[in-house]
Amino acid sequence: MEHVAQHSDPHYDPEASKMGMWLFIFTELLLFGGLFIVYAVYRYLNPEAFQMAGHELNITIGAINTIILLVSSMTIAMSTSSLQKKNKGLTVLLLEITILLAVIFLINKYFEWGVKFDHGIWPGSEHLLNDLGKGEILFFGLYFVMTGLHALHIVVGLVIIIVALNKIQKGTVNADRPLLLENAGLYWHLVDLIWIFLFPLFYLIH
Amino acid sequence: METEKHHIVPYRVYVYILIALVVMTFMSIGITKINLGAYSVLGAMIFATVKSVLVLTWFMHLKFDQPLLRFMVGFVVLLFFAVIFITFLDYYFR
């Protein structure tokens, strides 16, 4: 009986797909890893400036976004369980919640960056270049690049989750072929993983 | 064929992991509010490391996947720390 289900696509190889996804995740980890090393070196060279600049960031918004990402990681992890339990309705619901949380994260980010812009802080702004020191320029440069790159990953993750959700509704991703959802989950957890380090390094400097 | 059979993680396990992650988030905020100097950075980083181990092990299913994946993740982490170590050797002794 199982052969019938597998026959529809002979190229389905879950082990290889998963390993491919992990190899991609490693490149992502090292991309952000490189940026973290740049951060570490500049913070080591400008400790006071980084502390001063860190006060500008809002811990509450950072903490709310942390919780949002952690909860969304849980809902997408749960959706892989519910797919395997052949509970399609719950899987779809959990993915919709994940998508909603990702959108809320981006909205928070929009307002957070908006406040910085209102304070005259953006890469290359006059206030940053004329009134603040080299260390602050480095801090805010890294802040915008790293949280911006992270937000870009949220957008990409959103697209992947929407594709997976679509295929689950069509039935091409199901309990026998769950790998697209699992890989979407892996990507989403990667985004969560990066934020776990971004949050203390930028928001919790005191 | 055995590896293709997936271990289905019960929902409550994910809830426990989430609670642990949220608690550690607040603990890392708490530890940086206390003025411990350099130790508060260390504390926040230890919490972040424990959190990422939880995410890798449970959310990313490494606990249930083939051991090769765990080995590969460990290798990448070691590589990353080696690069940090060498970079800071350079900066300390300049």
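The rules we used
- The residue numbering used here restarts from 1 in each chain and proceeds along that chain's sequence as written.
- Following the order in which they are written, the chains are lettered starting with A and the ligands numbered starting with 1.
- The predicted nature of this model means local features are confined to residues of pLDDT at least 70 and side-chain atom pairs, given and counted, to a pLDDT of 80 or more, with totals for whole chains, interfaces and linings taken over all residues.
- The side-chain numbers reported here are obtained from all heavy atoms of the structure, hydrogens and water having been left aside.
- The axes are straight lines fitted to the C-alpha atoms, using for helices just the contacting stretch, and the angles between their N-to-C directions are given from 0 to 180°.
- Secondary structure elements follow DSSP: runs of H or I no shorter than four residues count as helices, runs of E no shorter than two count as strands, and numbering proceeds from the N terminus.
- Roughly parallel means an angle under 35 degrees; roughly antiparallel, over 145; roughly perpendicular, 65 to 115; everything else is oblique.
- In this description, contact between two residues means that some pair of their heavy atoms is separated by no more than 4.5 Å.
- Classification used: nonpolar for Ala, Val, Leu, Ile, Met, Phe, Trp, Tyr, Cys and Pro, charged for Asp, Glu, Lys and Arg, polar for all others including Gly.
- Joining through side-chain atoms within 4.5 Å is the link that ties buried Ala, Val, Leu, Ile, Met, Phe, Trp, Tyr and Cys residues into a set, and such a set is a nonpolar core.
- Type-normalised accessible area, obtained with a 1.4 Å probe on protein chains alone, sets the label of each residue: buried when under 20%, exposed when over 50%, and partly exposed for intermediate values.
- Each domain's extent is set by a domain assignment, obtained either automatically or from a database.
- Each patch groups residues whose relative accessible area exceeds 30% and which form no salt bridge, using 9 Å between like charges and 5 Å between nonpolar side chains of Val, Leu, Ile, Met, Phe, Trp and Tyr.
- We get accessible surface area from the Shrake-Rupley algorithm with a probe of 1.4 Å; when it comes to residues, only the shown protein chains can shield them.
- The working definition used for a salt bridge is a side-chain nitrogen of Lys or Arg within 4 Å of a carboxyl oxygen of Asp or Glu.
- When the centres of two rings from Phe, Tyr and Trp lie within 6.5 Å, Trp using its six-membered ring, the rings pair. Their planes under 30 degrees apart give stacked, over 60 give edge-to-face, and anything left gives tilted.
- As a reminder, the over-ring test applies to NZ of lysine and CZ of arginine, requiring each to be within 6 Å of the ring centre and within 35 degrees of the ring normal.
- Here the quantity called buried area is the accessible surface, traced with a 1.4 Å probe, that two parts lose on coming together, added over both.
- For the purposes of these results, a polar contact is taken to be a pair of N or O atoms within 3.5 Å, where, inside protein, one atom must be able to donate a hydrogen and its partner to accept one; residues adjacent in sequence count only when each atom of the pair is a side-chain atom.

Looking now at the packing of helix α8 (residues 179-203) of chain A against helix α2 (residues 38-59) of chain B. In helix packing, the relevant descriptors are the interaxial angle and the interaxial distance, both defined with respect to the helix axes. Relative orientation of the contacting elements α8 of chain A and α2 of chain B amounts to 175°, with a least axis distance of 9 Å. Here α8 of chain A is positioned roughly antiparallel relative to α2 of chain B, judged by the angle of their axes. Facing H189, D192, L193, I196, F197, P200 and L201 of chain A of α8 of chain A, the residues of α2 of chain B in contact are A44, M45, A48, T49, K51, S52, V55, L56 and F59 of chain B. Looking at the contact of α8 of chain A with α2 of chain B residue by residue, the class counts come to 11 nonpolar, three polar and two charged.

A few words now on the nonpolar core. Residues W22, F139, F140 and F202 of chain A together with F59 and M60 of chain B are the most contacted members of the largest nonpolar core, which totals 82 residues. Tallying contributions element by element places α8 of chain A first for this core, with 16 residues. Two domains each donate at least three residues to this core, and these are domain 1 (1-63) and domain 2 (66-94) of chain B. For M60 of chain B, the residues in contact, after removing those within four places along its chain, are W22, I25, L186, H189, L190 and L193 of chain A together with V55 and D65 of chain B.

What follows deals with a nonpolar patch on the surface. On the surface, a nonpolar cluster with roughly 940 Å² of combined accessible area is contributed by V38, Y42, Y44 and L45 of chain A together with F85, I86, L89, Y92 and F93 of chain B. Residue position: F93 of chain B is located in the segment after α3 (67-92).

Attention now moves to the packing of aromatic side chains. Enumeration over the complete set of coordinates arrives at 25 aromatic pairs over all chains. Each ring, one from W113 of chain A and one from F117 of chain A, has its centre 6.3 Å from the other, and the planes form 70°; the classification is edge-to-face. With W113 of chain A and F117 of chain A both in helix α5 (residues 88-118) and four residues apart, the pair spans about one turn of that helix. For W113 of chain A, a relative accessible area of 22% corresponds to the partly exposed category. Here F117 of chain A falls in the partly exposed class, since its relative accessible area comes to 38%. Measuring from centroid to centroid gives 5.0 Å for W113 of chain A and F144 of chain A, while their planes differ by 85°, and the two rings are edge-to-face. With W113 of chain A in helix α5 and F144 of chain A in helix α7 (residues 134-170), this pair connects stretches of sequence that are 31 residues apart. Of the aromatic side chains, those joined through ring pairs into one cluster are Y39, F50, W113, F117, W122, F139, F140, Y143, F144 and F202 of chain A. Here the guanidinium or amino end of K85 of chain A rests over the ring plane of Y11 of chain B, the centre of that ring lying 4.2 Å away.

On the chain A side, the residues contacting the 48 residues of chain B number 49 residues. For the pairing of chain B and chain A, the buried interface totals around 4,300 Å² over both sides, and the portion due to carbon and sulfur atoms is 78%. Joining chain B to chain A, the criterion identifies one salt bridge. The salt bridge involving K18 of chain A is made with D65 of chain B; its shortest N-O contact spans 3.1 Å. Counting across the interface, chain B meets chain A through four residue pairs in polar contact (both at pLDDT 80 or more). A total of 13 residues in the side of chain B that touches chain A trace back to one element, the largest contributor, which is α3 of chain B. When grouped by side-chain class, the residues that make up the side of chain B that touches chain A number 31 nonpolar, 12 polar and five charged.

Below, the discussion takes up the side chain of N46 of chain A. Locating N46 of chain A in the fold gives a position in the loop between α2 (14-45) and α3 (47-54). The residues contacting N46 of chain A, other than those within four sequence positions of it, are K134, G135 and L138 of chain A.

Okay, the domain arrangement of chain B next. Domain boundaries assigned for chain B yield domain 1 (1-63) and domain 2 (66-94). A straight line from the C-alpha centre of domain 1 of chain B to that of domain 2 of chain B covers 20 Å.

Applying the stated criterion across every chain, the model contains four salt bridges over all chains. With a closest N to O distance of 3.3 Å, K109 of chain A and E112 of chain A form a salt bridge. One end of the pair is K109 of chain A and the other is E112 of chain A, both in helix α5 and three residues apart, which spans about a single turn. Accessibility expressed as a relative area gives 4% for K109 of chain A, which makes it buried. On the basis of relative accessible area, E112 of chain A is assigned to the buried category, the value being 2%. A cluster of three or more residues bridged by salt bridges with shared partners is formed by K18 and E182 of chain A together with D65 of chain B.

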